[in-house]
Every structure is written in C-alpha cells, then in structure tokens.
Amino acid sequence: MSMSTAESTKQEAALVESSKKAAAYQAVKDYLKPEYRHVGIGSGSTVVYVVEAIAELDRDITSKMAFYPTGEQSRQLILNAGLRLSYIEDLPIDRALDVAFDGADEVDDDLNLIKGGGACLMQEKIVATSATKFVCVADFRKISPRLGTNWKKGIPIEVLPMAAERVLLELKEIGSQEPRIRSGLPGKAGPIVTDNGMLIIDAPFPPLLLPKDKESGVKGGNGEDGVWSVDALAQRLINIVGIAEIGLFHGHN
Ligand code: ABF
C-alpha cells in the first residue's frame, strides 16, 4: 500500500526533528567542556534542543557557567531551563565566550552560513564573533554546495527603517532579484521589527561562488551579471549605508 502525502509529510517532519535533536545533543557532548564559564546561545528551533541537552547535564557543572543570548527567544530559553543568564555587554572586554552554539539556514562547502531567517542575525553575529569557538548546529536540510541554492528566500539583511527603501534600490542595482522587506507574522500588519528596532530585507542572489570555483575556471564573482562570490558580496553589502548587519557569516571556519 502506498503512503499518503499526509503520512509522508508527517514522516519527513519527524525525521527533521530527530535530526535537529541528534545534531544538538552531539554538539553539546562534543563541544561544551566542563571547564567552560561563558557560553553563547543562539536562536531558532534547533537551539531549543541545544538548551535541552545542556539542561540535562550535571547542575554542579552548568551552574558554574553563564549563558549569553542572541535575542529575546534565546533569553527566554536560558531562563526557562534554569540556567544563569548574562549579557555580552557585561562580559569583560578582554574575555571571549568559550563557545557559542547557534543554528543556520544554509551551510556551504566552505562552512559559510546564511543566518537570519529568524530575524536575530545582528545579535547572533555579535555573540558568534565574541566566541573562541563557534559551533553551528544544523540538520541535513541545511547543507548545500553554494549559499543560495537551497535557501531561496534571500540573504537576510538588517537595515535602519529610514534607509530601507534606498537599500532596496541599491540591492537591485547590484543584482539582487526582487529583494523585499520582510512582512510581519501572519495576522500582524506591517513589517517585522527586530529586537534592535530594525527591519529585515531578504535579498535573493544567484548561488554564491567559492574560491574553489575560481580555481576550477568558473568566471565571475565580482558582481558581473549579479554573480557574486561569498567574500565579495559580503564586502559589498556591508558598505551599503543603512545596512546594520548582514546574514552572511563567512570566513569563520
Ligand atoms: C537562527 O535560527 C538563525 O540564524 C537561523 O535563521 C535560524 C535557524 O533556525 P532553525 O534551527 O529553526 O532551522 O539560528
């Protein structure tokens, strides 16, 4: 007897959930050392399992640790798990987080990431770059040869509201196909406003090239015909006035 569409969708959803959970538990087992004191906690549904795994560890160990959120969702996760909450701005300037765990929307062959599908990208980048070790926890759906292959919604970009329309125009000029301001949750009028009071633009680009593409003779990568490499696009985007942060996490492998 063949499986109904509803059954196979249910099975696929169950597989995704078990993969997220397995990745999260493994990440905590492998990368959260008992001697660590400062731990970054990212956002998204995979991170829920990261916090669940941490909450199941020996309290004698985790009570010596402080946990640093990337926004309101992870702040609540930390509190609900009974873990000690702290903030990056309270971390001594000469001290790094020992490790930070976070999810991703897409991961390429060089471990560059698209992040920000959950609209927390700026605080996520601050926490990730404040950590000695960044652990990206992602299930099989996120792996892709080039960013923009699986994640077609576009690169999330956090912008100042007053600059959003001008940024949209500039994104089109550099080859983004139909960039748009992310709208609110269903039933909520207006755009999404981030934890930082900003808007999110989702800017689709053709799949982003990697150094190995150049080595193997693939042409382009500097924006000709809208084709960019990860590094060149990241550099170009961050120079657009009005952009506060971009959801490309690159060069951190
Ligand atoms: C955060 O949550 C984001 O950067 C990314 O957009 C999203 C991934 O969520 P999930 O784990 O639910 O797929 O990590």
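Small disclaimer: the values here were computed from a predicted structure and weren't measured.

So, the nonpolar core
Within the largest apolar cluster, 28 residues are counted, with the highest numbers of intra-cluster contacts made by Ile157, Leu171, Phe205, Leu208, Leu233, Leu237 and Leu248. When residues of this core are traced back to their parent elements, those giving at least two are β7 (155-159), α6 (164-173), β9 (199-203), α8 (230-238) and β10 (243-246). It is α8 that provides the largest number of residues to this core, a total of five residues. In contact with Leu233, not counting residues within four places along its chain, are Ile155, Ile174, Phe205, Leu208, Trp228 and Leu248. Counting 23 residues, the second largest nonpolar core, distinct from the first, contains Leu32, Val39, Ala53 and Val99.

Some points on the pairing of strand β1 (residues 38-41)
Neither face of β1 is open: one carries His38 and Gly40, the other Val39 and Ile41, and all of them are buried. Of the pairings in the sheet, the one linking β1 to strand β2 (residues 66-69) comprises four bridges and is parallel in character. Within β2, the residue paired with Gly40 across the bridge is Tyr68. Of the strand pairs in this sheet, β1 and strand β3 (residues 99-102) are connected by three bridges, and their pairing is parallel. Counterpart to Val39 in the pairing with β3 is Val99.

Some words on the packing of aromatic side chains
This structure, assessed with the given rule, holds zero aromatic pairs. We note Lys115 situated over the ring of Phe249; from NZ or CZ to the ring centre the distance is 5.4 Å. Against the face of Phe249 rests Lys125, its NZ or CZ located 4.9 Å from the ring centre.

Details of the environment of Ala100
Counting through the fold element by element, Ala100 comes out in strand β3. For Ala100, a relative accessible area of 2% translates into the label buried. As a C-alpha pair, Ala100 and Val135 span 35 residues in sequence and 6.0 Å in three-dimensional space. With residues up to four places along the chain from it excluded, the contact list for Ala100 reads Gly40, Val127, Ala131, Lys133, Phe134 and Val135.

Side note on the sheet that holds strand β4 (residues 106-107)
Strand order in this open sheet of three strands is β4-β5-β11, and the pairing throughout is antiparallel. Either end of the sheet is taken by a strand with one partner, and the two such strands are β4 and β11 (248-249). Sheet topology note: the strand β5 (residues 113-114)/β11 ladder contains two bridges and is antiparallel. Residue pairing in the sheet places Ile114 in a bridge with Leu248 of β11.

Points about empty space enclosed by the protein
Under the counting rule described, the total for this entry stands at one cavity of 30 Å³ or more. Considered as a void within the structure, the largest cavity measures approximately 30 Å³ in volume. What lines the largest cavity is Thr70, Ala119, Cys120, Gln123, Glu158, Thr194, Asp195 and Asn196. Per-class residue counts for the lining of the largest cavity are two nonpolar, four polar and two charged.

Brief notes about α6
Residues Ala164, Val167, Leu168 and Leu171 constitute the buried set of α6. Viewed end-on, α6 has its buried residues packed into an arc of 105°, placing them on one side of the element. Summarising the geometry of α6, the exposed residues directed more than 90 degrees from the buried face are Glu165, Arg166, Leu169 and Glu173. Packed against the buried residues of α6 are β7, β8 (180-181), β9, α8 and β10.

Calculation criteria
Going along each chain's sequence as written, the residues are numbered from 1 onward. Confidence filtering applies because this is a predicted model: local features only for residues at pLDDT of at least 70, side-chain atom pairs given and counted only at 80 or more, and all residues used for totals across whole chains, interfaces and linings. Hydrogens and water molecules were not included; the side-chain quantities draw on all heavy atoms of the structure. Among buried residues, those of type Ala, Val, Leu, Ile, Met, Phe, Trp, Tyr and Cys that are joined through side-chain atoms within 4.5 Å constitute a nonpolar core. Remark: exposure states derive from per-residue accessible area (1.4 Å probe, protein chains only) relative to the maximum for the residue type, with buried under 20%, exposed over 50%, and partly exposed in between. Going along the chain from the N terminus, every DSSP run of H or I of four or more residues is numbered as a helix, and every run of E of two or more is numbered as a strand. Working rule for contacts: check all heavy atoms of both residues, and any pair within 4.5 Å makes them a contact. At least two bridges found by DSSP between two strands are what make those strands a pair. To pair, rings of Phe, Tyr and Trp, with the six-membered ring standing in for Trp, must have centres within 6.5 Å; the planes then decide the type, stacked if under 30 degrees apart, edge-to-face if over 60, and tilted in the middle. The criterion is that NZ of a Lys, or CZ of an Arg, lies within 6 Å of the ring centre and within 35 degrees of the ring normal, and then a charge sits over that ring. A 1.4 Å probe that fits into a set of points on a 1 Å grid over the protein atoms alone but cannot get out defines a cavity; an open set with protein on both sides within 12 Å along at least five of seven lines defines a pocket, and lining residues are those with an atom within 4 Å of a point. Grid points are joined across faces, edges and corners, and a volume is the space filled by probe spheres set on the points. Throughout this entry, Asp, Glu, Lys and Arg are counted as charged residues, while Ala, Val, Leu, Ile, Met, Phe, Trp, Tyr, Cys and Pro are counted as nonpolar. The remaining residues, Gly among them, count as polar. Regarding the arc, it is the one traced by the directions from the helix axis to the C-beta atoms.

Keep in mind these numbers describe shape, not what the thing actually does.
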